[in-house]
Amino acid sequence: MVSGQVFHELEVKAAANKVWEIYGNAQELGKLVVNNLKGSIQKIEVVEGDGEFKFKSHKEKYTKVDNEKRVKEVEVIEGGYLELGFTLYRVRFEIIEKDEGCSIIKSTIEYDLKDDSVHNLPAVTLDPLAAIALAEDMVSGQVSHELEVAAPAAKVWEIYGTLHLPKLVEENLTTILEKIEVVEGEGGVGTVLNLHFVPGVFKFKSYKEKYTKVDDEKLVKEAEVVEGGYLDFGFTFYRTRFEIIEKKDDETSASASSIIKSTIEYEVKDDEYSAQNLSLNTNMVSGQLSHELEIKAPASQVWELYGTLRIAKLVEEQLKTVIEKIDIVEGDGGVGTIVHLNFVPGATRFKSYKEKFTKVDNELRVKEADVMEGGYLELGFTLYRVRFEIIEKDEGCSIIKSTIEYELKDDYAENNTNMVSGQLCHELEFKAPASQVWELCGTLRLVKLIEEQLKSVIEKIDVVEGDGGVGTTLHLDFVPGVAKFKSLKEKFTKIDNEQRVKEVEVVEGGFLELGFTLYRIRLEIIEKDEDCSIIKSTIEYEIKDDYAENVSLVSLDALAAIALIVQNHLTKT
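Residues numbered from 1 in each chain as written. Predicted model: local features only at pLDDT ≥ 70, side-chain atom pairs only at ≥ 80, totals over all residues. Heavy atoms only, no water.

### Here we look at the overall build of the protein
(1) Moving on: For the protein, the count of helices and strands is 10 helices and 28 strands.
(2) Moving on: Residues classed as buried in the protein amount to 42% of the 573 residues present.
(3) Moving on: Working note: accessible area of the protein is about 31,000 Å², and carbon and sulfur atoms make up 47% of it. (Helix = DSSP H or I, 4+ residues; strand = E, 2+ residues; numbered from the N terminus. Buried < 20%, exposed > 50% of the residue type's maximum accessible area, 1.4 Å probe, protein only. Areas by Shrake-Rupley, 256 points an atom, 1.4 Å probe, with all protein chains shown as cover.)

What follows is the structure, encoded as C-alpha cells:
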C-alpha cells in the first residue's frame, strides 16, 4: 500500500469563527464551491442530512465535524477515487485562529493507494482546495509605512497621542484636507473626528473616524472610520494605526530617535464592489521582492565586500553588459554615500540614476540604498530601495538576502515588474535509510527510474551534459497532450551530499514559454531515524503578472508520483 499526505495553508484577514461559519456548514461550503469552481464542478447535491455530498463522479461523507476545534473531515465513500485504486481519500479542513482578526485555512489530503495503481497518483491535487480557500467573500489587506525621525519617542507621542496631530495635519495638508472637526472627545478613546476633503481628491467628500485605542504606555493609537467615506464604497472596515517606536543609542542607551509606524488595515466586500475601489485605500502600488543565496563563506568576510565600496567596484567589473560605470559622487561607503550608476544603452528603460546609502549597520550586517534621482523615479516610482542583509548560517557559511522595496503611483502601474511567486511542498515518509534514498535521488539513477516508470507522462530523458553533479543538464520530452509544452531543459544548480539536497531549474522551454521566470524543483531527503526517512519535494516559481492564470499549471502531482516510485523501488529491492 502506498500512502501520503499533502497540504495547503492560506492566511486570511478574517476571524476564525467567521471562516468556520462557511467551512462548518454543508450548505454554505457547497454553495461557495459551486459558485467558484464552475469550470470543474457542475453541481453538488446534499444527499442526506447536513454532511454527505453527491458529486458527479463520487460521493463523500463527513466523518468529523468539530465545532470547538474548527475541524472537518470528509471521506470518499463511493465511486471517484475508489475506482482508481484508492482505498482511502480523506480531505481535512482546519481553521486555525492566528489572532483576533486573522486565521489560517489548512487543507489536507490524506490517501492510501494500492501499489498497482500508483500511476493514478496525479489525481491527488490541492488545486480545488486552494481555490476554495481563496474564494472568501471578503478582500482584506494591510499597508504599512515606517519613518525614522530624529526625535525621542516621548516627544513624537506628544503630537501623535493627542489632538495636536489633527491640527498639524489640517495646517500642513491643505491640498488634501479642507478641515477637521472634533465632533466629540478630548483625544482619548471615543474621540470622534469629521474629516472634510478637498473636492476631487477622493471619491468621497468626508468621513467620521473614532479613536478606538490610545495607549500612552505603548505609544499606540488606532482610529476606525465609523461613517461615510470608505464605508460608502464597499469597505466594511478601515482602521488607521500609529505606533511610535523608540530607537536607542547603542552606546548611551539614550533615546536618540524614533520610528513612526503607520498601518492601514481594511476589508472590502468582493461580491458588490470591484477591486477598483481598493484604489481608494491608497494611490500607490507597493511591494517587496526578495532573493536569498547561500554561499560557502563566513558572514564577516562577505560583509567586508557588501558593507564597503568594494561591492560597487566588483559590480562595475563583473556586470559590463548592464552597467557602463559607477561613480562615487560623495562619501566613503557609510551612511550618506551617493553613487551614480550609468547603464549600457538598451539595458534598462533609463540611462542612469543616483542612489544614497541610507543605512549601513556593521553589527547586523545590513545595508540599504534608496534611489534619489533619475532612474525608477522617472517611471512613477516614489520609493525604490535595495536592502542587503548578510546572515550567518554557521561558521563557514552565510546567506545573502537581497530585497527590493518599492512604491509606485497607480497611473504608472504598468512599470511594476512585480512577479507572482509561490511555493508548493509535498512530503512522503517511508521505511528506508536516508543514505540509501540519497544514493538514488542524488544521482542520475533517479532520471533512469523516472523514464522507466512514468511512460504515460515522459517520452524520454536525454542527459545533455554532466554526470549528475552541479551543471548537469537534462532534456525532457513529454508525451503529446500531457503538458502545454513538448519539452524542456533543466539544469542541476545544487547538489549537497552532506545535507542531501538537490535543486534543479528549468533553463529552456517548458514553463519559461508560459510566462514563468523561475521554475525550481528541490528534493530534500530528511533522516527521521535510522531506518526511516522523508522525501520533501518543493516547487518554487515566479511568473509574470500577465501570465498569472498559468499558475494553475504548477502541480505537485509529478513530484508526489516520483516520491512513490522511489519508495516502491527501494522497498522492493
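Let's pick the thread back up.
### Re a negative patch on the surface
(1) Moving on: The grouping of Glu527, Asp529, Glu530 and Asp531 at the surface amounts to a negative patch.
(2) Moving on: The class for Glu530 is exposed, based on a relative accessible area of 65%. (Patch = residues over 30% accessible without salt bridge, like charges linked within 9 Å, V, L, I, M, F, W, Y side chains within 5 Å. Salt bridge = Lys/Arg side-chain N within 4 Å of Asp/Glu carboxyl O. Lys, Arg positive; Asp, Glu negative; His and termini not counted. Charge placed at Lys NZ, Arg CZ, Asp CG, Glu CD.)

### Topic: the packing of helix α8 (residues 434–441) against helix α9 (residues 445–453)
The description of two packed helices rests on the angle between their axes and on the distance between the axes.
(1) Moving on: Viewed as axis vectors pointing N to C, α8 and α9 meet at an angle of 75°, and their least axial separation amounts to 6 Å. In terms of axis orientation, α8 runs roughly perpendicular to α9. For the pair α8 and α9, the contacting residues are Glu439, Leu440 and Cys441 in the first and Arg445, Leu446 and Leu449 in the second.
(2) Moving on: Looking at side-chain class alone, the contact of α8 with α9 contains 4 nonpolar, no polar and 2 charged residues. (Axes fitted to C-alpha atoms, helices over the stretch in contact; angles between N-to-C directions. Parallel < 35°, antiparallel > 145°, perpendicular 65-115°, else oblique. Contact = heavy atoms within 4.5 Å. Nonpolar A, V, L, I, M, F, W, Y, C, P; charged D, E, K, R; others polar.)

### What about the packing of aromatic side chains?
(1) Moving on: In total, this model carries 27 aromatic pairs according to the counting rule given.
(2) Moving on: Ring centres 5.5 Å apart and planes at 45° place the aromatic pair Phe343 and Tyr353 in the tilted group. Of this pair, Phe343 sits in strand β17 (residues 338–343) while Tyr353 sits in strand β18 (residues 352–361), placing them 10 residues apart in sequence. With respect to burial, Phe343 and Tyr353 carry one shared label: buried. (Phe/Tyr/Trp six-rings, centres within 6.5 Å; stacked < 30°, edge-to-face > 60°.)

### Re the pattern of salt bridges
(1) Moving on: Here the structure, examined in full by the defined rule, presents 23 salt bridges.
(2) Moving on: A salt bridge links Glu94 to Arg92, with the shortest nitrogen-to-oxygen separation between them at 3.8 Å.
(3) Moving on: Salt-bridge contacts for Lys460 lead to Asp462; the nearest nitrogen and oxygen are separated by 3.7 Å.
(4) Moving on: Given the relative accessible area of 40%, Lys460 is considered partly exposed.
(5) Moving on: The class for Asp462 is partly exposed, based on a relative accessible area of 32%.

### Remarks on unusual backbone geometry
(1) Moving on: In this model, Leu219 sits at a positive phi of 60°, which is unusual for a non-glycine residue.
(2) Moving on: With respect to the helices, strands and loops of the structure, Leu219 is situated in the loop between β11 (206–215) and β12 (220–228).
(3) Moving on: Even without being a glycine, Arg500 presents a positive backbone phi close to 60°.
(4) Moving on: Note on placement: Arg500 falls in the loop between β25 (487–496) and β26 (501–509).

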